[in-house]
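Structural description and commentary
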Amino acid sequence: MTAPLNLFGLPPGVDFARALVDGIEARLVTAPPEAWARLTLIVNSGRMARRVTEELSRGAPRLLPRLVPVADIARLAPSLPAPDPLTLRLDIATFLTRLIDRQPNLAPKSDIFSLAGSLAALLEEMEGEGLTPDAFDRLDLGEHAAHWQRSRSILGAALGYLTAGEGAPATAEGRRARAVDALIAQWAAAPPTDPVIIAGSTGSRGTTRRLMMAVARLPIGAVVLPGFDADMPETHWHALSDALTGEDHPQFRFHALLNALDAEIGSIRAWRPDAAPPAPARNRLISLALCPAPVTDRWISEGASLPSLGEATRQMTLVHAPTPRAEAQAIALRLRLALAQGRRAALVTPDRELGRQVTTALARWGIVPDDSAGVPLHQTAPGRFLRMIAELGCGNLQLAALVALLKHPLASSGSDRGTHLRAVREFELLVRRKPLGRDAAHALAECAEGTPEHGGWATWLTNWLNDVAASPPTTPLTDRVARHLELTERLAAGPGSSGAGALWLEAAGDAARAAMDALRVAAPAYTETMSGADFVALLFAHLARDSVQDPRLSHPDIAILGALEARGLSSDTVILGGLNEGVWPGTPAPDPWLNRRMRYDAGLLLPERQIGLAAHDFQQAVAADEVILTRALRDAEAETVPSRWLNRLTNLLKGLGDAGNQALEEMEARGTSILAMAAALDRPHEAVPSEPRPSPCPPVADRPNSLSVTQISKLIRDPYSIYAAKILDLQRLAPLGEPPDARAKGIALHNTMEAFLADRNAWHGDPAAAHHALSTAAWRVLSTTATDLAIARLWHARLMAAADRIVSGEIDRLVEGTPVLVEERGALPLATSGFRLTAKPDRIDRLSDGTYAVWDYKSGSIPTAREVAAFDKQLPLEAAMVEAGSFPGLGSGPVSRLGYIALSPSGKDRDEGVLDKDGAKAADVERADLERLIAAYSDPSQGYSARRAVKSRDDPSDYDHLSRRGEWDMSDDPVQFPVGGPE
C-alpha cells in the first residue's frame, strides 16, 4: 500500500507564518526540546524566513530549527561552484558581439546587453526546468516565421557555447537544481531521520516542484501550501487540466503538483484545522469569482448558494480614484487611519511607482513605511552619481548635466562642501547669464577670472573635465570600469582631498561599492572593446538589479509589499493597489527568442505562469480581515482597464441580484468616502482671494532715468516688466539645457552680418563672392556661438536660403552709401527731465548725399506699420539720436532712410518713411512723444501696469509669475498701489 503524501494546506487570509509555527508546535508538543533544532524548515523567501523567526521567538524559549530560504537550498547539498550572473551576462554579450559582427543584420549592437540579459534568463529557466539545448532541436518551425528559425539557430549556437566545458551549472538556478537533485538522491539512499518541512512555495519553478515532491514523499517530511482554496469544487479543479487555458488560475500550480505526484485534491490535508480565515464567506465569494474560464457558467447555479453577501463584503472597500495621484493619496490616508486605530496595515502592489507615491504622501505625517522592495540602487544617491559621471563621459558634455552633477550631494563631499557649492553657484550664474557659445572650459576660465577666490576650484574641475574628455571612444571593459571608478572617486573627494568622500558610506554606499566591485571582477568576461554609450547601458542595467533597504527608518506597523511578500502577511488592514490590467496582473515581458507555442513545445514556462502566480497572490491578500481594493481610472496617457480579477468580482456581484448590487454599492460608497477625505486634505481651510492686475507706483527717485530704445517699446506695452527689471533688479536667467531661443538666434545672425560687412572689400560688387563670404562668415560665427552644432547647421541653412536676397540688397545698399556705425552704443539726454535714451543700432550708413540711413536686422517677423506707429519706436528714436549727434564719432545730420533688413527665408526688406502720416518728421514726433511719456512716469501716481498693451494674449513675459497672471484677466483694470519709499 502506498504511503499517504505529506501534503498540507492553509487557507487564504490566515497568518501563514503564525499558523505554520503553531502547527509545528502542535506536532512537537511531546518531543524533547532538541527536536526543534533537528528540524529543517525551507521557506519561500527571506521575508518569510524573518516572519517565521519572529513567530518562533514568541512564547516559551525554544531552540531554533535550521531555517533555509528556498533560494539558498544549495547550502543543504554538497558544495557546488556559485556562478556569477554578471559574468554570465558579459560572457553572453561577448558571444553576441562577435556573432553580430559577422552577421550585422541579426540585431543592432545597441541591443547586445539587453539580449544577453534575456538569454541568461532563458538559460536559467532551462536549467531550472531540467532542459538541455537539444530541446530546441525538436521544435517544428514549419509554420513559424523565418525570424523564429533564425532565433533558434542563434539559441543553439549560444547555448552550445555556454554549456561547453566542465559541465558546472551556468546559473544560480542551475546550481539550485543540482543541489536539489543531490538532496533527492541522498534521501533516496538514506531517508532523513529528522523532519524536513517546505512551506510557502507554490512549486511554480521546476526545481522547487521537484523538491516539494521529494519532501512530500518523505516519511517525516511535510509540504505546507499557502493559500490553498479548499472551497473550490472538484468540477472547478478538473477544469485546470489544460495548461494552455488554466495556467492563469490561482490554484493551477497546486493542480500541477498533484498531477506530478499522481494524487487527487483529497491528498491535501489541513495543516491546522483550527486555523480559520478571517472572512470565510469572502473566501467562497472570491473562489467563485476566480473560477476557471471553462466553468464560469457555474456563477449562476453556485452563486445562489453563497452565504450572505453583506457579510462577505462588509470589510471590503472599492476605490475608483480619478488619477494615480488621487489613488496614492487615498491609500496613504487609509494607512494613516489604520495606524490611528491601532491596526497594522499594508499596501500590497506590484506597481513600484504607486509605492513611491504612497511613500511620498505618508511623509505628510512623518511616516516611513517598511518597503519590501527598497530603493532601486540606480535611484540612490551613489547610483545616480555613478550613472551621471558615466553619461558625462560619452563625449557630449552638456552644461546642464555638468551643473546637475556638481550639485549632487556626493560631489566634493570629502572637502569643504560649502566652498564647493558657492563656486558652483557662481559657475551656474555665469552660464545662465551668458548661455550662448559657452562651453565648460570657457565658463570655468571666466569663473576663475571673475571670482579669484574660486580659482583653485576652477582649476581642479578643469583638470577633471580634461581627464573625462581624454577617455578613448572605445576601450576594454576592465579599463573603462577602472577609469570610471577613478573619476568618480576624484569628483566625490573634491579639490585637495583623497579617498572617495561620502561615496561609499551608509547602506546605499555599501551596496554601490559591492555592485562596482562585482562589475570589476566580472569585466574580463567581456573581451571586446566597449563604447561609452554601451557602458552607460550596462551600468544602468547592472545597478537596476539591486535595491537598498534601510529598516532603521521604517515604521513597524506600516508596510508596502510586493505581491510575493503578501504570503507572509500579518496585517489587519490590507490595501490592494494598482488593480488595473497591465499592472496587476502585469503584461508578460516579450520574449525575443521564443513565442508562446515554442515555449510550450520545448517544455518551458508559459507567460501565463506569471498571471497565475499574481492571481494566487491576489487571492491570498484579498482574504485579509479588512481589505481595500484601489485602482486609478486614468493613467498619464489614457483610461485604464480594471484588473481581470476586479472585473470578475464586480460582474459576479452585479449578476447576483439586489443583494449583490447592494453589496457592490456599499463597497464603492466606502471608497468614495475615502477619496473625499483625501481630497479634503489638500483643500485650504479658507479661500485665498485672487490678486488684482498690478500697477505698482514706486517713488519717483527710484524710477529708471535711462532706458534703451527697445526698452521704450516695453515701457509702452508692458510697463510692469520695466518695473521688475529696472527697479526690482530682477533679471531672467536662461534655463540650463534649453535649446537656443529666438533671441539667441537673433544675436548670432546679427553677429554674422557684422562679420560679413567687415569683409565687404573682398566681395563688393561680386554676387558670387558675396554669397561665399556670407556662408563662410555665418558658419564661423554660428559654429562657435550656438551650443549645439545641429542648431548651428539649421540656422546656417535657413540664412543661406535667403542669401540671394540678402546679397542683392547689400550690393545695392553699398552702392548708395557706406556703413559708418555697426553695433555701437550712443546716448541722448532729454533736457526737460534729465532722462537718457540709449541705443545700439544694428547699422547706420552714410549715404552719398551726406544724409544717414538707419537699418535694423530682423531674424523674425518685421513689425507692421501699425505696430511701429503704436509701440515699436526703435527706428524713429534711433533717427532722432542720429540727428542729435548722440553717437560718438558720428556727426549729427539728417536721416533720409529708415528700414528693416529681413534675414529669414520668408522675410522681405522694407523701407520706413521718415515722415509720419501727418507729414511731420517721424524722429521729431517720436522724440516729443518720448518726452511726454517720460514726464507721465515722473508722476508719483503713474503705475507700471502689467501687460498694458501686449500684442496678443499669448505674448509671454518674463515676469508673468511675479505679477501673478492667471489670478487676473486682461479685461481687469490695473490697480495702482504705492510700493517702496521710506520705512
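Scroll up for the structure.
The following paragraphs examine the structure supplied in this document.

Each value, and the rule that gives it
- Residues numbered from 1 in each chain as written.
- Predicted model: local features only at pLDDT ≥ 70, side-chain atom pairs only at ≥ 80, totals over all residues.
- Heavy atoms only, no water.
- Helix = DSSP H or I, 4+ residues; strand = E, 2+ residues; numbered from the N terminus.
- Rg over C-alpha atoms; globule rule 2.2 N^0.38 Å.
- Buried < 20%, exposed > 50% of the residue type's maximum accessible area, 1.4 Å probe, protein only.
- Contact = heavy atoms within 4.5 Å.
- Areas by Shrake-Rupley, 256 points an atom, 1.4 Å probe, with all protein chains shown as cover.
- Lys, Arg positive; Asp, Glu negative; His and termini not counted.
- Charge placed at Lys NZ, Arg CZ, Asp CG, Glu CD.
- Core = buried A, V, L, I, M, F, W, Y, C linked by side-chain atoms within 4.5 Å.
- Phe/Tyr/Trp six-rings, centres within 6.5 Å; stacked < 30°, edge-to-face > 60°.
- Lys NZ or Arg CZ within 6 Å of the ring centre and 35° of its normal.
- Axes fitted to C-alpha atoms, helices over the stretch in contact; angles between N-to-C directions.
- Parallel < 35°, antiparallel > 145°, perpendicular 65-115°, else oblique.
- Left-handed = near helix turned anticlockwise from the far one by under 90°.
- Nonpolar A, V, L, I, M, F, W, Y, C, P; charged D, E, K, R; others polar.
- Salt bridge = Lys/Arg side-chain N within 4 Å of Asp/Glu carboxyl O.
- Polar contact = N/O pair within 3.5 Å; in protein donor to acceptor, adjacent residues only side chain to side chain.
- Pairing = 2+ DSSP bridges.
- Patch = residues over 30% accessible without salt bridge, like charges linked within 9 Å, V, L, I, M, F, W, Y side chains within 5 Å.
- Expected span 1.5 Å × (residues − 1).

**With respect to the overall build of the protein chain**
Secondary structure assignment for the protein chain yields 39 helices and 26 strands. For the protein chain, the C-alpha radius of gyration of 38 Å lies well beyond 30 Å, the compact-globule estimate for 983 residues. If one aligns the C-alpha atoms of the protein chain with their principal axes, the spans along those axes are about 125 × 65 × 60 Å. Across the 983 residues that make up the protein chain, the buried fraction comes to 49%. Across the protein chain, the fraction of contacts at a sequence separation of at least 24, relative to all contacts at a separation of at least 6, is 76%. Summed over its atoms, the accessible surface of the protein chain is roughly 44600 Å², and 53% of this surface lies on carbon and sulfur atoms. Of the side-chain charges in the protein chain, 103 are positive and 121 negative, and the distance between the mean point of each set is 1 Å.

**Considering the nonpolar core**
Residues Phe-427, Trp-457 and Trp-464 are the most contacted members of the largest nonpolar core, which totals 85 residues. Non-local contacts of Phe-427, meaning those with residues more than four positions away in its chain, are made with Leu-399, Leu-402, Val-403, Leu-406, Ala-440, Ala-443, Leu-444, Cys-447 and Trp-457. Counting residues in each nonpolar core, the second largest holds 44 residues, with Trp-299, Leu-309, Ala-566 and Ala-621 among its members.

**Remarks on the packing of aromatic side chains**
Applying the stated criterion to the full structure yields 12 aromatic pairs. Here the aromatic rings of Tyr-723 and Tyr-944 are separated by 6.3 Å at their centres, their planes lie at 35°, and the arrangement is tilted. Of this pair, Tyr-723 sits in helix 30 (residues 719-727) while Tyr-944 sits in the loop between helix 38 (922-936) and helix 39 (960-963), and the two are 221 residues apart along the sequence. According to the relative accessible area criterion, Tyr-723 is buried, its value standing at 8%. Judged by relative accessible area, which is 2%, Tyr-944 ranks as buried. Site record: aromatic cluster; members linked through ring pairs are Tyr-720, Tyr-723, Tyr-937 and Tyr-944. One Lys or Arg, Arg-27, reaches over the ring of Trp-271 and ends 3.7 Å from the middle of that ring.

**Brief notes about the packing of helix 15 (residues 324-340) against helix 16 (residues 352-362)**
Axis separation between helix 15 and helix 16 bottoms out at 8 Å; the angle between their running directions is 55°. Judged by the inter-axis angle, helix 15 sits oblique to helix 16. In this structure, the crossing between helix 15 and helix 16 has a hand that is right-handed. Contacts from Pro-324, Arg-325, Glu-327, Ala-328, Gln-329, Ile-331, Ala-332 and Leu-335 in helix 15 reach Leu-354, Gln-357, Val-358, Ala-361 and Leu-362 in helix 16. In terms of residue class, the contact of helix 15 with helix 16 is built from 9 nonpolar, 2 polar and 2 charged.

**Section: the pattern of salt bridges**
What the rule picks out here adds up to 51 salt bridges. Residues Arg-51 and Asp-15 are paired through a salt bridge, measuring 2.8 Å at the closest nitrogen-oxygen approach. Residue Arg-51 is located in helix 3 (residues 46-56), and its partner Asp-15 is located in the loop between strand 1 (7-9) and helix 1 (16-27); the two are separated by 36 residues in the primary sequence. Overall, Arg-51 belongs to the buried group, its relative accessible area being 9%. Under the relative-accessibility criterion, Asp-15 is labelled buried at 19%. Taking the shortest distance from any N to any O, the salt bridge between Glu-486 and Arg-490 comes out at 3.3 Å. Taken together, the positions of Glu-486 and Arg-490, both in helix 22 (residues 477-493) and 4 residues apart, correspond to about one turn of that helix. By relative accessible area, which is 25% here, Arg-490 ends up partly exposed. The structure contains a network of salt bridges with shared partners spanning Asp-15, Arg-18, Asp-22, Arg-51, Glu-54, Glu-55 and Arg-58.

**Re the environment of Asp-872**
Within the element layout of this structure, Asp-872 appears in the loop between helix 36 (865-870) and helix 37 (874-883). The class for Asp-872 is buried, based on a relative accessible area of 16%. Setting aside chain neighbours within four positions, we find Asp-872 in contact with Ser-713, Pro-863, Glu-867 and Tyr-900.

**Observations regarding the environment of Ser-531**
On the secondary structure map, Ser-531 appears in strand 12 (residues 529-531). Given a relative accessible area of 22%, Ser-531 falls into the partly exposed group. As for Ser-531 and Gly-13, which are separated by 518 residues in sequence, their C-alpha atoms are 52 Å apart. Within the local environment of Ser-531, its side chain forms a polar contact with the backbone nitrogen of Asp-534, the two atoms lying 3.2 Å apart.

**Observations regarding unusual backbone geometry**
Cis geometry marks the peptide bond from Trp-584 to Pro-585, where omega comes out at 10°. As for its position among the elements, Pro-585 is in the loop between strand 15 (573-576) and helix 25 (596-602). The backbone of Glu-823 sits at a positive phi, close to 55°, despite the residue not being glycine.

**Considering the sheet that holds strand 1**
The pairing of strands in a sheet comes from backbone hydrogen bonds and takes either a parallel or an antiparallel form. A sheet is described by the order of its strands in space; here 6 strands give the open sequence 3-2-4-5-1-6, paired in parallel fashion. With partners counted over all chains shown, the strands left at the sheet margins are strand 3 (66-69) and strand 6 (268-270), one partner each. Averaged over all neighbouring strand pairs, the angle between strand axes comes to 25°, with direction disregarded. Pairing geometry for strand 2 (residues 40-43) and strand 3, over 4 bridges, is parallel. Bridge pairing links Val-43 to Pro-69 in strand 3. Set on the sheet, helix 3 makes contact with strand 2 and strand 3; between it and strand 3 the angle comes to about 155°. Helix 8 (residues 206-217) contacts strand 1, strand 2, strand 4 (196-199) and strand 5 (221-225) of the sheet and is inclined by roughly 130° relative to strand 5.

**With respect to the side chain of Glu-127**
If you trace the backbone, Glu-127 turns up in helix 5 (residues 112-129). Buried and unpaired, Glu-127 has Arg-178 as its nearest opposite-charge partner, separated by 5.7 Å. Reaching out from Glu-127, the side chain makes a polar contact with the backbone nitrogen of Gly-174 at a distance of 3.5 Å.

**What about the environment of Ala-289?**
Its place among the elements puts Ala-289 in helix 12 (residues 280-289). A relative accessible area of 1% places Ala-289 in the buried class. Considered as a pair, Ala-289 and Ala-120 are 169 residues apart in the sequence and their alpha carbons are 38 Å apart.

**Here we look at the sheet that holds strand 16 (residues 626-632)**
The sheet built from 6 strands is open, its strands ordered 7-16-15-8-14-9 with parallel pairing. What marks the edges here is a single partner per strand, and that holds for strand 7 (316-321) and strand 9 (370-371).

**Remarks on a nonpolar patch on the surface**
A cluster of nonpolar side chains, contributed by Leu-728, Leu-730 and Leu-962, occupies part of the molecular surface with about 210 Å² of accessible area. Among the structural elements, Leu-728 can be located in the loop between helix 30 and helix 31 (742-758).

**Points about the side chain of Arg-609**
Take Arg-609: it is sitting in helix 26 (residues 608-621). One buried charged residue, Arg-609, remains without a salt bridge, the closest side chain of opposite sign being Glu-247 at 5.4 Å. If near-sequence neighbours (up to four positions away) are discounted, Arg-609 is found in contact with Ser-204, Arg-205, Glu-247 and Arg-253.

**Considerations on the pairing of strand 23 (residues 852-858)**
Counting buried positions along strand 23 gives 7 out of 7 residues, so the element sits mostly inside the fold. Alternating positions in strand 23 separate into two faces, Tyr-852, Val-854, Asp-856 and Lys-858 on one and Ala-853, Trp-855 and Tyr-857 on the other, with burial throughout. Note: strand 22 (residues 843-847) against strand 23, 4 bridges, orientation antiparallel. Residue Asp-845 lies in a different strand from strand 23, and its bridge partner there is Ala-853. Between the antiparallel neighbours strand 22 and strand 23 lie 4 residues, among them Gly-850 with a positive phi of about 90°. By the bridge criterion, 7 bridges tie strand 23 to strand 24 (residues 895-902) in an arrangement that is parallel. In the strand pairing of strand 24, Val-854 is matched with Leu-898.

**Structural notes on helix 19 (residues 417-433)**
With 17 residues, helix 19 should cover 24 Å at 1.5 Å per step; its first-to-last C-alpha distance of 24 Å lies within 8% of that length. For helix 19, the complete set of buried residues consists of His-420, Ala-423, Val-424, Phe-427, Glu-428, Leu-429, Leu-430 and Val-431. Check the buried side of helix 19 and you find it contacts helix 18 (399-406), helix 20 (440-450) and helix 21 (455-469). The N-capping residue of helix 19, defined by a side-chain oxygen 3.2 Å from the backbone nitrogen of Gly-418, is Asp-416.

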